[in-house]
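Descriptive structure summary
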Amino acid sequence: MIVKKSNPLYEQIYDNIKESIINGEFKSGERIVDGWIAEKLGVSRSPVREAFRKLEQDGLIVNQDGTTFVYKPNVEDVIELFEVRAGLEGMAVFLATQSMTDEQIDELGESIVQVKNAIKEKKMAEVVKLNTFFHECIVKSSGNKRLLEMMGKINNLILLYRNNFFAKFYGSDVFIHEHHEVVEAMKTRNPVVASEKMREHILNDLDQLKERLSTHLDE
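Residues numbered from 1 in each chain as written. Predicted model: local features only at pLDDT ≥ 70, side-chain atom pairs only at ≥ 80, totals over all residues. Heavy atoms only, no water.

**Considering the confidence of the model for the protein**
On average, residues of the protein score 88 in pLDDT, and 89% of them reach the 70 mark or higher. No element of the protein has a lower mean pLDDT than helix α7 (residues 145-169), which averages 79, and none a higher one than helix α5 (residues 102-120), which averages 95. (pLDDT = per-residue confidence, 0-100. Helix = DSSP H or I, 4+ residues; strand = E, 2+ residues; numbered from the N terminus.)

**Focus: the pairing of strand β1 (residues 61-64)**
Across four bridges, β1 lies against strand β2 (residues 67-70) in antiparallel orientation. In the strand pairing of β2, Asn 63 is matched with Thr 68. The antiparallel pairing of β1 with β2 creates a hairpin that spans two residues between the two strands, and Asp 65 there sits at a positive phi of about 55°. (Pairing = 2+ DSSP bridges.)

**Side note on the pattern of salt bridges**
According to the stated counting rule, one finds eight salt bridges in the structure shown. The salt bridge partner of Glu 11 is Lys 54, with a shortest N-O separation of 3.0 Å. On the criterion of sequence distance, the pair formed by Glu 11 in helix α1 (residues 9-22) and Lys 54 in helix α3 (residues 45-58) is long-range, its members being 43 residues apart. One salt bridge in this structure joins Glu 184 and Lys 187, with 3.7 Å as the shortest N-O distance. (Salt bridge = Lys/Arg side-chain N within 4 Å of Asp/Glu carboxyl O.)

**Regarding the packing of helix α4 (residues 75-99) against helix α8 (residues 174-187)**
Following both chains from N to C, one finds α4 and α8 inclined at 40°, their axes separated by 9 Å at the closest point. What the angle tells us is that α4 and α8 run oblique. Here the hand of the crossing between α4 and α8 comes out right-handed. Taking contact as the criterion, the partners of Val 93, Ala 96 and Thr 97 in α4 are, on α8, Val 182, Ala 185 and Met 186. (Axes fitted to C-alpha atoms, helices over the stretch in contact; angles between N-to-C directions. Parallel < 35°, antiparallel > 145°, perpendicular 65-115°, else oblique. Left-handed = near helix turned anticlockwise from the far one by under 90°. Contact = heavy atoms within 4.5 Å.)

Shown next as structure tokens:
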């Protein structure tokens with residue numbers, strides 16, 4: 001964790017802790033203490049507590065009777081997250097299909113090829129990175145500010161899920177075919193089909209994960 005002199009101190013601390021949580025340096029369910037972090041960074045507790053408040057608003061940490069823990073997803077949380085994603089990203093790809101250039105859509109297609117190679121080489125961090133690019137590129141290309149705002153509120157939780165659970169619990173590469181179907185619908189400029197394929201993809205992910213998550217997340 002590094003603090004620089006540019007941005008407001010609490011923002012830097014917030015960014016540092018958020019990255020540590022999303023990347024798994026701070027584990028789900030782990031207790032974190034403002035005094036310990038302040039001492040490690042060489043700062044007072046005040047900006048750390050301000051960063052904690054922002055992290056709590058994001059849902060990345062929770063306070064239970066005065067003790068702070070890193071958010072630990074349960075099965076119900078994941079189900080609700082995927083249901084919300086299915087609706088929002090279905091609309092995002094509907095809009096993006098009408099606004100993205102052919103070159104941008106081709107770039108999405110190229111990311112699928114790169115995912116295949118990363119899976120063959122067992123580079124799961126790269127798989128997560130490319131999967132995140134695929135979904136975020138479509139959301140950003142929707143051009144809908146309200147949709148972007150709503151996705152922004154759950155994006156940290158999505159990243160937390162991908163980085164901490166994707167490699168460990170994801171047992172299928174069927175998502176590659178589903179990404180391909182989305183891109184093919186976008187190439188033919190069919191927003192209705194693209195939207196249907198995106199919703200199916202996210203809900204299929206959920207169906208595949210339910211059994212594994214019920215076994216592991218509640219341990």
